[in-house]
Amino acid sequence: YGAHVIVPNHKISVITNISREGSNRVDVDVEVDYDEDFQKTKDVLLKVAAEDARIQTQVLPEVLISDFGLVGIVIILRVWVRSADRKMVPFDLREKIKVAFDAAGIKMSRVADSAGESPVREAKEERAMMRIGAASGR
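Model, not experiment: these values are computed from the prediction.

Draft legend 1. Geometry of the environment of D67. Looking at where D67 falls in the secondary structure, it is placed in strand β4 (residues 62–68). Along the sequence, D67 and E31 sit 36 residues apart, while their C-alpha atoms lie 9.1 Å from each other. Aside from chain neighbours lying at most four places away, what touches D67 is G72, I73 and V74.

Right under this line is the structure:
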């Protein structure tokens with residue numbers, strides 16, 4: 001499973017065919033509160049994957065910590081699906097994850113505070129302003 005790389009003899013270029021083998025990797029990321037139990041969260045995500053018949057089992061689903069965000073831990077559920085299923089699976093998994101998290105009492109992180117302010121948006125805006133300032137020589 002993975003990318004099939006072809007390097008032609010007549011021209012120096014690389015063609016990567018990610019669907020040649022009939023499977024695609026799908027990553028679904030979720031962000032949960034820092035207070036949440038990672039093992040419990042991982043178990044719920046793996047259960048959601050196991051209950052979806054479209055998830056292939058030749059390569060086992062993975063749950064990985066992707067990042068430590070401003071307001072929570074970013075976790076990736078990584079699965080393999082038939083190429084024909086790759087478009088809808090992420091959407092369906094997100095819905096199933098939300099329902100499963102609600103049932104298990106797992107809180108997803110919230111980006112907006114009670115006043116509606118978003119620390120993530122504010123950080124992005126601040127970085128953008130810094131780039132504009134650097135580009136203009138300020």
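Draft legend 2. Looking closely at the sheet that holds strand β5 (residues 73–82). Spatial strand order, β3-β5-β4: three strands in an open sheet with antiparallel pairing. With one partner strand each, in any of the chains shown, β3 (23–32) and β4 form the two edges of the open sheet. Strand-to-strand twist of the sheet, defined as the mean angle between neighbouring strand axes without regard to direction, takes the value 30°. Here six bridges tie β4 to β5, and the two strands are oriented antiparallel to one another. Bridge pairing in β5 places E62 opposite R78. Its contacts with the sheet place helix α1 (residues 38–50) against β3, β4 and β5, and it is angled at close to 20° to β5. In this fold helix α2 (residues 89–104) packs onto β3 and β5, with an angle of close to 35° to the strand it touches most, β3.

Draft legend 3. Structural detail: α1. Helix length check: α1, at 13 residues, gives a terminal C-alpha distance of 18 Å against a target of 18 Å (1.5 Å per residue), a fit within 8%. Along α1, the positions that sit buried rather than exposed are T41, V44, L45, V48 and A49. What you see down the axis of α1 is that its buried residues fit within an arc of 140°, all on one side. Turned more than 90 degrees from where α1 packs its buried face, K47 and A50 sit exposed.

Draft legend 4. Spatial organisation of the pattern of salt bridges. This structure, assessed with the given rule, holds eight salt bridges. One salt bridge in this structure joins D52 and K96, with 3.1 Å as the shortest N-O distance. Taken together, the positions of D52 in the loop between α1 and β4 and K96 in helix α2 put the pair 44 residues apart, joining distant regions of the chain. A residue is classified by how much of its surface remains accessible, and D52, at 4% relative accessible area, is buried. With its nearest N and O atoms 2.8 Å apart, the salt bridge here joins R54 to D92. Of this pair, R54 sits in the loop between α1 and β4 while D92 is found in helix α2, placing the two residues 38 residues apart along the sequence. By relative accessible area, which is 22% here, D92 ends up partly exposed.

Draft legend 5. How the structure looks around the environment of I55. Counting through the fold element by element, I55 comes out in the loop between α1 and β4. Through-space distance from the C-alpha of I55 to that of V81 is 5.1 Å; in sequence the pair is 26 residues apart. The residues contacting I55, other than those within four sequence positions of it, are A49, P61, V79, W80, V81, V89 and L93.

Draft legend 6. Expanded view of the nonpolar core. Formed by 21 residues in total, the largest nonpolar core has its most connected members in L45, I75, L77, V79, L93, I97 and F101. Listed by contribution, the elements that provide at least two residues to this core are β3, α1, β5 and α2. Residues within four places of L93 in sequence aside, it is in contact with V28, V48, D52, I55, L77 and V79.

What counts, and where the lines are drawn
- Numbering of residues starts from 1 in every chain and runs along the sequence as written.
- The model is predicted, so local features are restricted to residues of pLDDT at least 70 and side-chain atom pairs to those at 80 or more, both for listing and for counting; the totals for chains, interfaces and linings are taken over all residues.
- Computation of side-chain values: all heavy atoms of the structure, hydrogens and water removed.
- Under the scheme used here, helices are H or I runs from DSSP no shorter than 4 residues and strands are E runs no shorter than 2 residues, and both carry numbers assigned from the N terminus.
- The contact definition used throughout considers only heavy atoms, calling two residues in contact when any of these lie within 4.5 Å.
- One requirement defines pairing of two strands: DSSP has to find at least two bridges between them.
- Each axis is a line fitted through C-alpha atoms, taken for helices only over the stretch in contact, and angles between the N-to-C directions span 0 to 180 degrees.
- Helix span, as expected, comes to 1.5 Å for every residue beyond the first.
- Burial classification: accessible surface area is computed with a 1.4 Å probe over protein chains only, and a residue below 20% of its type maximum counts as buried, one above 50% as exposed, and the rest as partly exposed.
- Think of it as the arc spanned by the lines of direction from the helix axis to the C-beta atoms.
- What counts as a salt bridge is simple: a side-chain nitrogen of Lys or Arg found within 4 Å of a carboxyl oxygen of Asp or Glu.
- As used in this record, nonpolar core signifies buried Ala, Val, Leu, Ile, Met, Phe, Trp, Tyr and Cys residues forming a set joined through side-chain atoms within 4.5 Å.

All we've got here are geometric facts, nothing functional implied.
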